[in-house]
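As a plain string of letters, each chain reads:
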Amino acid sequence: MARKSDPEPKRRRPAKVADQIKDWVVSQGLQKGDRLPGETEMIARFAMSKGTIREAMRLLEGQGLIETRTGPGGGSFVGEVTEERARSLLGNYFYFKDLTVADIYQIRRVLEPEMVAQLAGTLSEPALAELEDLISHYAEPAKSPEEERQQHVDSLKFHASLARQSDNPLLSFLIGFMAQILSDLTVYRKLYAPPNRELWESGRNHQIQLIAALREGRGEDARLIMADHMETAQRLMEAQEAEVMKRFIAE
């Protein structure tokens, strides 16, 4: 007998009103910084009580979609959720999801090769120089677990920097988020210990080759280099993950 899925929790009225306010803001073409109507007008417009409107506005403010200012010229204004805040909120959602290296790389292996193929030949010299500078932070293999941890973080900054160059905001956000969540996973599960010279050497060589392909506009080569980089990194990171689990069980 098929198991019935749990019913969706019933949404409270202020949450529904908050959605209505968002829809109204979009329909009016309001932008960041535009003033919203006062409380009396909002009560009339949405035919809700003062308490419901106030709680709906508090929900939107908590989400970063509304900013409240006090004093002369104060009131409620359209806000904008920053990329950093969006990643933080999404990271909180995944905090208890027990993600694995394989989960993360399943997405990275699809998205990142396509992104670099599109970026080939389009990056400015300052953007390429930023990538080269990041690589210089791990020019030599790590000599301690602490140094290895920092090299992992810096290497993932390379991928986040690449993501920022994409003109597709969704692709840029997803890849940047994957880099952040893998960085967090590496740190709190201590996947950097012991230092892994093969992972360092393979990752750095792939990134050097990738910069050359990007600079020379070789899109298909960039795609293949990144695909191999992702495949190799996943294999080595999963081995690190397995080693950490062995140590955990032994302890």
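Every value quoted in this text rests on a predicted model; they were computed, and no experiment measured them. (Residues numbered from 1 in each chain as written. Predicted model: local features only at pLDDT ≥ 70, side-chain atom pairs only at ≥ 80, totals over all residues. Heavy atoms only, no water.)

Draft legend 1. Examining the overall build of the protein more closely. A count of helical and extended segments in the protein gives 10 helices and two strands. Counted from the first residue to the last, the protein has its helices and strands arranged as α-α-α-β-β-α-α-α-α-α-α-α. A compact globule built from 251 residues would reach a C-alpha radius of gyration of about 18 Å, whereas the protein, at 23 Å, exceeds it by more than 25%. Its C-alpha atoms put the protein at 65 × 50 × 45 Å along the principal axes. The burial tally for the protein puts 40% of its 251 residues in the buried class. Partitioning the contacts of the protein with sequence separation of at least 6, the portion at a separation of at least 24 is 72%. When the accessible area of the protein is evaluated, it comes to approximately 14900 Å², of which 53% is carbon and sulfur surface. Within the protein, one finds 34 positive and 39 negative side-chain charges whose respective centroids are separated by 9 Å. (Helix = DSSP H or I, 4+ residues; strand = E, 2+ residues; numbered from the N terminus. Rg over C-alpha atoms; globule rule 2.2 N^0.38 Å. Buried < 20%, exposed > 50% of the residue type's maximum accessible area, 1.4 Å probe, protein only. Contact = heavy atoms within 4.5 Å. Areas by Shrake-Rupley, 256 points an atom, 1.4 Å probe, with all protein chains shown as cover. Lys, Arg positive; Asp, Glu negative; His and termini not counted. Charge placed at Lys NZ, Arg CZ, Asp CG, Glu CD.)

Draft legend 2. Focus on the pairing of strand β2 (residues 75-78). With four bridges connecting them, strand β1 (residues 66-69) and β2 associate as antiparallel partners. Paired with Ile66 across the two strands is Val78, which belongs to β2. The antiparallel pairing of β1 with β2 creates a hairpin that spans five residues between the two strands, and Gly71 there sits at a positive phi of about 85°. (Pairing = 2+ DSSP bridges.)

Draft legend 3. Here's a closer look at the side chain of Glu241. You can see Glu241 is positioned in helix α10 (residues 219-250). The exposure class assigned to Glu241 is buried, which follows from its relative accessible area of 15%. Residues contacting Glu241, with those up to four places away along its chain left out, are Thr100, Val101, Arg189 and Leu191.

Draft legend 4. Main features of the pattern of salt bridges. Scanning the model with the defined rule gives 19 salt bridges in all. Between Arg189 and Glu241 there is a salt bridge, and its shortest N-O distance comes to 3.5 Å. Placement of Arg189 in the loop between α8 (169-188) and α9 (197-216) and of Glu241 in helix α10 is noted, with a sequence separation of 52 residues between them. Of the residues examined, Arg189 reaches a relative accessible area of 22% and is grouped as partly exposed. Residues participating in the shared-partner salt-bridge network are Lys32, Glu67 and Arg69. (Salt bridge = Lys/Arg side-chain N within 4 Å of Asp/Glu carboxyl O.)

Draft legend 5. Spotlight on helix α5 (residues 101-119). In this model, α5 (19 residues) spans 26 Å end to end at C-alpha, consistent with the 27 Å of a helix rising 1.5 Å per residue. At Arg108, α5 shows its maximal bend, which comes to roughly 35°. Of the positions making up α5, those classed as buried are Val101, Ile104, Tyr105, Arg108, Leu111, Glu112, Pro113, Met115, Val116, Ala117 and Leu119. Looking one or two residues beyond α5, the residue adopting positive phi is Gly121, at roughly 80°. (Expected span 1.5 Å × (residues − 1). Bend = angle between axes of the 7 residues up to and from the residue.)

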